[in-house]
There are 4 protein chains.
Amino acid sequence: MNPIVSGIIPPLLTPLTSAGDIDVDSLTRLIEQQINAGVDGLFVLGSSGEVAFLTDEEREQVIELVLKLVDGRVPVYAGVIDTQTKRVIAHIRRAEALGVQAVVATAPFYAITGPDEIAAHFRALRAATDLPIIAYDIPVCVHTKLAPELLVQLGAEGVLQGVKDSSGDDVSFRRLCALNKAAGSPLKVLTGHEAVVDGAYLAGADGCVPGLGNVDPAGYVRMWRAYQAGDFATMRAEQDRLAQLFEIVFQPIGKVGPAAGVGSFKTALELMGVFTTNLMSPPLAPIDDAPSRDAIADILRKVGVLA
Amino acid sequence: MNPIVSGIIPPLLTPLTSAGDIDVDSLTRLIEQQINAGVDGLFVLGSSGEVAFLTDEEREQVIELVLKLVDGRVPVYAGVIDTQTKRVIAHIRRAEALGVQAVVATAPFYAITGPDEIAAHFRALRAATDLPIIAYDIPVCVHTKLAPELLVQLGAEGVLQGVKDSSGDDVSFRRLCALNKAAGSPLKVLTGHEAVVDGAYLAGADGCVPGLGNVDPAGYVRMWRAYQAGDFATMRAEQDRLAQLFEIVFQPIGKVGPAAGVGSFKTALELMGVFTTNLMSPPLAPIDDAPSRDAIADILRKVGVLA
Amino acid sequence: MNPIVSGIIPPLLTPLTSAGDIDVDSLTRLIEQQINAGVDGLFVLGSSGEVAFLTDEEREQVIELVLKLVDGRVPVYAGVIDTQTKRVIAHIRRAEALGVQAVVATAPFYAITGPDEIAAHFRALRAATDLPIIAYDIPVCVHTKLAPELLVQLGAEGVLQGVKDSSGDDVSFRRLCALNKAAGSPLKVLTGHEAVVDGAYLAGADGCVPGLGNVDPAGYVRMWRAYQAGDFATMRAEQDRLAQLFEIVFQPIGKVGPAAGVGSFKTALELMGVFTTNLMSPPLAPIDDAPSRDAIADILRKVGVLA
Amino acid sequence: MNPIVSGIIPPLLTPLTSAGDIDVDSLTRLIEQQINAGVDGLFVLGSSGEVAFLTDEEREQVIELVLKLVDGRVPVYAGVIDTQTKRVIAHIRRAEALGVQAVVATAPFYAITGPDEIAAHFRALRAATDLPIIAYDIPVCVHTKLAPELLVQLGAEGVLQGVKDSSGDDVSFRRLCALNKAAGSPLKVLTGHEAVVDGAYLAGADGCVPGLGNVDPAGYVRMWRAYQAGDFATMRAEQDRLAQLFEIVFQPIGKVGPAAGVGSFKTALELMGVFTTNLMSPPLAPIDDAPSRDAIADILRKVGVLA
């Protein structure tokens, strides 16, 4: 089993055409921009990729396209997000057949489960595949927090090979890093937060899966390399710049959740000429009012990603 | 469009064989028991039916089987539970093709959405089907509460024809009933709670979708008929008995969520000889310890559903 | 120890003069209106009484005034709401000295406590007083739900003599009533909800502590008496009327919490000529916009409490 | 108005004698240890100081004692924690009379308030005192998150002079620091978290209010000085050591909230000979089982604060 890579692994957006289909041209531009910036891997079908909004057919189409466009230049990890074990395994089967390098799975959701059942879930996924499995800790969607102790236990057992932490709980994250290190580092521990990545690196993160990395992958690569070089001052300055860029997610008027967050990333990429549209999957409306779009454009210019 | 029926519409459990497959024989016995008891309709693939745990193929298999077994004796409504609009529509297509009489859909989940997007979601479902649509308000799973004002508005527009309220918010439920009545009753308003149905009837409910109705459909039918006859004392006495029966869900030791609730219903039906096993879908373990099983059996005997 | 009374025990509002002091004249009118309507007791310094907003001196002043104005015609129960045990005991000392007939205490709040500590808290209160103690279950303020099993256990021990349930959890409430009955009814179980009291009576409530009873005590008395007489149809019709009246709490524009709820009660009483002002304690602003006030007045007229 | 100091301002524990009174000798030792370690200020009557558990008399006694023992060597800030505005102002009056250098106040709690009312609350506190006011953002106790925009607005108005952030929301914290800087830094922004302080410094924190600083003030002083000197590697290494020490809060068996957190700090100080007892205020039981105490002692030895 190939280890999960360290470094920058942006969760790819899923650009749409004006007809609502997967936009191959925009996706091609996005991927080239990512690889040129020096990312270490790509994560498709995460929350940023609107995985919960896509049909099974669209999910397969996205994986297939991305694998073809990436063409082995970096590893591709695929979200296999669904409510419960058997449904997740069905996604794993498809992702596996298409040739991804690892899968990313959450705890069960919709129906409530406890810690024993979450452990049983991940063990059942392990029994179903030889691919590395990254646990995706995102309580804002799953409404369960994965305990650091459980994650490291599953790492030590060989059930999990990585964690993507989007929990927003930085104390728990540092504990996860410390417990993992004490257990011989069975897990690659990745942070999913965009604006506090420098702190996550100090806490021991092995890398970052930043949604905002769709807009400015080079910034995240620079920050990671500065950290790797022990140049903490540059790391911090880059994070401050990226935190300023992250303010785009607070600009959309009257929007919440991915309609604001992913919506602002898509709008930025449209403004930057990478995407043809900023359309979102139903039932989400795109950001189409001038004040929101202007506020996003202003920030893009201020941090230097738009001329 | 046929109206949603009033009265008792239990959410059918999905019995499993010891191999983990849909158990046709147990399902046959369950359905005969339901229809003999006088239920007004059946709801398949709800939370009690472990919908979130079943693959698409299993969901289709369940609908097909139930429709065949019911054979038109009562209407069959099917849950089309999934994360977002396009995935729900895919389920609607399949349920429609199989011949159900209505579909039951939640608000989007996993990814956060606001009220405008929830309205857009239900309107998109309406555009996709001519079947009646029942909105399923279950915040413990969906993590959104559907506002009474929005539900009645969508009812008045013809988008929704019913509501299954499993919100646990009885104040909101009474408001929903009152607002619906004031709007000319476009919605059939059904409560999903087992132990406080008499109060829901006083509040104006048009019927009940009780998970516990799998175990004792006759009790729920008696309570509904007493209410219809204005015999509130009998209604209340029957509810007190069923509330006592509902205590089975608090008996399983060390279990939460459906592993406790649905698990206790399945265990009851196994003890009653209706089901062959009390197995749950992965990753849920069945209730297999003697103290939990004995406590459930004691209650069943006390309320007279087990000899 | 005198038992807690059954029936209607409204939680008295605390009217304020335009200078922000306790308004004795308005309070006098309110109390006379309550007693004339036939209430069974009065509860001062509850959430409706703005207890959390009043200084210790004001709390004492309110208790003293109400005891004097009531003059023994009905029992007076006083809220002793504060963060932790020693502070609550200090309030109990003062309430006791002033001569109340029972005290009403929540679980600890602000600092998190678990079930053992909540039990220790109530036992410490019992050790500190010979007055009856009513546990006040109001998770929206205290952020803890009191478990029915714990409450009945404390009732059986003689620690608690009553429960005021404002939890909004009607399933738990019915369980509380059933467990209490099975234990020999050590507790008087009172509901704090205004719009679903008929259901609470069916569930076994011994009475009601309705904030809305400040506005229409006679309606709550009629509903209680209809229930006592087994006239469930009248009970329900009265509840429907009072639920319509309860809509006043949803009218204030741009207000949340007690600024909307208690604020609408105070505005109603001002419109009805019982209160001189509708002022709230700082930092709450009163309802002073015409649309909100007109909407409240319309509802008052519709249900017949304003000419 | 003197500005709030930068740097390390531990929230002092409140040691108790075996009779449950304030333990003057232990408090004296604690304060000398703090000042010898080089702390920049002291914060009395915070959550770590069990403020919510103390009567008004005890609160006064603590402030008086600490002011006398500190004797002007560092500024002393006092928590004025209570449910609503008038009660908080009453605490401010007393703290002011005793001579503290600043007060620390939360948003209102128990009764729900919205943003307008929270702003009105802090403005009313400002109108009542000339002391600097530090807003205390601790949603786990107050159940409201203070928005960065509101805090900086109140800073710019001169209402607030500082913020103690115990929100656990590191993204919001970085936004607060950035917005404050953009507004000319009207606020001193202090983090209340023990195990992720290095990240908070990178985000722009002006200092730290660490409960764990009661146990190891020298470590927090070293970390702050390393940060001030731009020596980020030393800062991080010290944080890793302190994060290891912070594990003491996870050792108490069967305890939650302050019974675990503050309880483990008190137990550590008892083991270190600074405190005479590890008693907590009622209803909290002390940590008295051997496994919990041994686990705490082991950690203290491992990080070098116990021989």
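A quick note: this is a predicted structure, and the numbers were derived from the prediction, not measured.

Asks: Help me understand the overall build of chain A, please; the structure alone is not making it clear to me.
Replies: The secondary structure content of chain A amounts to 12 helices and 8 strands. Here the C-alpha radius of gyration of chain A, 18 Å, is about what a compact globule of 307 residues would show, namely 19 Å. Dimensions of chain A along its principal axes, counting C-alpha atoms only, are 50 × 45 × 35 Å. By the burial criterion, 66% of the 307 residues in chain A qualify as buried.

Asks: When you look at the packing of helix 10 (residues 232-246) of chain B against helix 10 (residues 232-246) of chain C in this model, what are you seeing that I'm missing?
Replies: A pair of packed helices is characterised by two quantities: the angle between their axes and the separation of those axes. Axis separation between helix 10 of chain B and helix 10 of chain C bottoms out at 9 Å; the angle between their running directions is 85°. Taken together, the axes of helix 10 of chain B and helix 10 of chain C lie roughly perpendicular to each other. The residues of helix 10 of chain C that touch helix 10 of chain B, namely those facing Phe 232, Ala 233 and Arg 236 of chain B, are Phe 232, Ala 233 and Arg 236 of chain C. Split into classes, the residues belonging to the contact of helix 10 of chain B with helix 10 of chain C amount to 4 nonpolar, no polar and 2 charged.

Asks: It is not clear to me how the environment of Arg 301 of chain B should be interpreted in this structure. Could you clarify?
Replies: Residues and elements named next belong to chain B. Tracing the chain through its elements places Arg 301 in helix 12 (residues 290-302). Residue classification places Arg 301 among the partly exposed residues on the basis of a relative accessible area of 43%. Spatially, the C-alpha atom of Arg 301 lies 9.4 Å from that of Leu 245, the residues being 56 residues apart in sequence. Discounting chain neighbours no more than four positions away, the residues touching Arg 301 are Leu 306 and Ala 307.

Asks: Mind showing me how you'd approach helix 7 (residues 170-182) of chain B here?
Replies: Owing to its 3.6 residues per turn, the α-helix aligns residues three or four sequence positions apart on the same side. Residues and elements named next belong to chain B. Spanning 13 residues, helix 7 covers 18 Å between terminal C-alpha atoms, matching the ideal 18 Å at 1.5 Å per step. Every buried residue of helix 7 is accounted for by Asp 170, Val 171, Ser 172, Phe 173, Arg 174, Arg 175, Leu 176, Cys 177 and Asn 180. The residue sitting at the N-terminus of helix 7 and contributing the capping side-chain oxygen is Asp 169; that oxygen lies 3.3 Å from the backbone nitrogen of Val 171. One or two steps after helix 7, the chain reaches Gly 184, where phi turns positive at roughly 90°.

Asks: Would you mind showing me how to read the environment of Arg 293 of chain C here?
Replies: All names here are of chain C. Tracing the sequence through the fold places Arg 293 in helix 12 (residues 290-302). In this structure, the C-alpha to C-alpha distance between Arg 293 and Ala 268, residues 25 residues apart in sequence, is 8.4 Å. Each residue touching Arg 293, except ones within four places of it in the same chain, is listed here: Thr 267, Glu 270, Leu 271, Asn 278, Ile 287 and Asp 288.

Asks: Please explain the pairing of strand 4 (residues 102-105) of chain D as it appears in this structure.
Replies: Looking along a regular strand, one sees the side chains alternate between the two faces of the sheet. Residues and elements named next belong to chain D. Neither face of strand 4 is exposed, since Ala 102 and Val 104 on one face and Val 103 and Ala 105 on the opposite face are all buried. Relative to strand 4, strand 3 (residues 76-79) runs parallel, the two sharing 3 bridges. Paired with Gly 79 across the two strands is Val 104, which belongs to strand 4. You can see the chain leave strand 3, run along helix 3 (residues 85-98) and come back into strand 4, and the turn it takes is right-handed.

Asks: How do you make sense of the relation of the copies chain A and chain B when you look at a structure like this?
Replies: A rotation about some axis, followed by a shift along it, carries one copy of the chain onto the other. In screw terms, the move from chain A to chain B is a rotation of 180° and a rise of 0.0 Å along the axis, fitting with an RMSD of 0.0 Å. Both copies are brought into coincidence by an operation consistent with a two-fold rotation axis.

Asks: I tried to follow the confidence of the model for chain A on my own but got confused; where do I start?
Replies: When pLDDT drops low, the exact placement of atoms in the prediction is not to be read closely. Taken residue by residue, chain A gives an average pLDDT of 98. The fraction at 70 or more is 100%. Across the interface, the model reports ipTM at 0.97; the global pTM reads 0.97.

Asks: How do you make sense of the UniProt feature "active site" (unreviewed entry) in chain A when you look at a structure like this?
Replies: Under the feature "active site" (unreviewed entry), the UniProt entry names Tyr 136 and Lys 164 of chain A. The largest pairwise C-alpha distance within this set of annotated residues, which runs over 29 residues, is 4.8 Å, so the set is compact in three dimensions. For Tyr 136 of chain A, the location among the structural elements is in strand 5 (residues 133-137). Taking the relative accessible area as the measure of exposure, Tyr 136 of chain A reaches 3% and is therefore buried. Once you skip the residues sitting within four places of it in the chain, Tyr 136 of chain A turns out to touch Phe 43, Ser 47, Ile 81, Val 104, Ala 105, Thr 106, Ala 107, Leu 146, Lys 164 and Ser 166 of chain A together with Tyr 110 of chain B. Within the local environment of Tyr 136 of chain A, its side chain forms a polar contact with the side chain of Ser 47 of chain A, the two groups lying 2.9 Å apart. Along the chain, the position of Lys 164 of chain A falls in strand 6 (residues 162-165). According to the relative accessible area criterion, Lys 164 of chain A is buried, its value standing at 4%. Those residues in contact with Lys 164 of chain A, other than ones at most four positions away along the chain, are Phe 43, Ile 134, Ala 135, Tyr 136, Asp 137, Leu 190, Gly 192 and Val 209 of chain A.

Asks: Would you mind going over helix 4 (residues 115-128) of chain A with me for this structure?
Replies: Given a rise of 1.5 Å per residue, 14 residues ought to cover 20 Å, and the 20 Å separating the end C-alpha atoms of helix 4 of chain A matches this to within 8%. Listing the buried residues of helix 4 of chain A in full gives Glu 117, Ile 118, Ala 119, His 121, Phe 122, Leu 125, Arg 126 and Ala 128 of chain A. Looking at the buried positions of helix 4 of chain A, the neighbouring elements they touch are helix 3 (85-98), strand 4 (102-105), strand 5 and helix 6 (148-156) of chain A together with helix 11 (257-271) of chain B.

Asks: Would you mind showing me how to read the arrangement of the chains here?
Replies: Across all C-alpha pairs, the smallest distance from chain A to chain C is 16 Å, and the two are not in contact. Here chain B and chain D are not in contact; the least distance found between their C-alpha atoms is 16 Å.

Scoring rules and cut-offs
- Residues numbered from 1 in each chain as written.
- Chains lettered and ligands numbered in written order.
- Predicted model: local features only at pLDDT ≥ 70, side-chain atom pairs only at ≥ 80, totals over all residues.
- Heavy atoms only, no water.
- Helix = DSSP H or I, 4+ residues; strand = E, 2+ residues; numbered from the N terminus.
- Rg over C-alpha atoms; globule rule 2.2 N^0.38 Å.
- Buried < 20%, exposed > 50% of the residue type's maximum accessible area, 1.4 Å probe, protein only.
- Axes fitted to C-alpha atoms, helices over the stretch in contact; angles between N-to-C directions.
- Parallel < 35°, antiparallel > 145°, perpendicular 65-115°, else oblique.
- Contact = heavy atoms within 4.5 Å.
- Nonpolar A, V, L, I, M, F, W, Y, C, P; charged D, E, K, R; others polar.
- Expected span 1.5 Å × (residues − 1).
- Polar contact = N/O pair within 3.5 Å; in protein donor to acceptor, adjacent residues only side chain to side chain.
- Pairing = 2+ DSSP bridges.
- Right-handed = clockwise from strand over helix to strand, strands pointing away.
- Least-squares fit on C-alpha atoms with pLDDT ≥ 70 in both.
- pLDDT = per-residue confidence, 0-100.
- UniProt positions renumbered as here; feature names shortened; annotations may be inferred.

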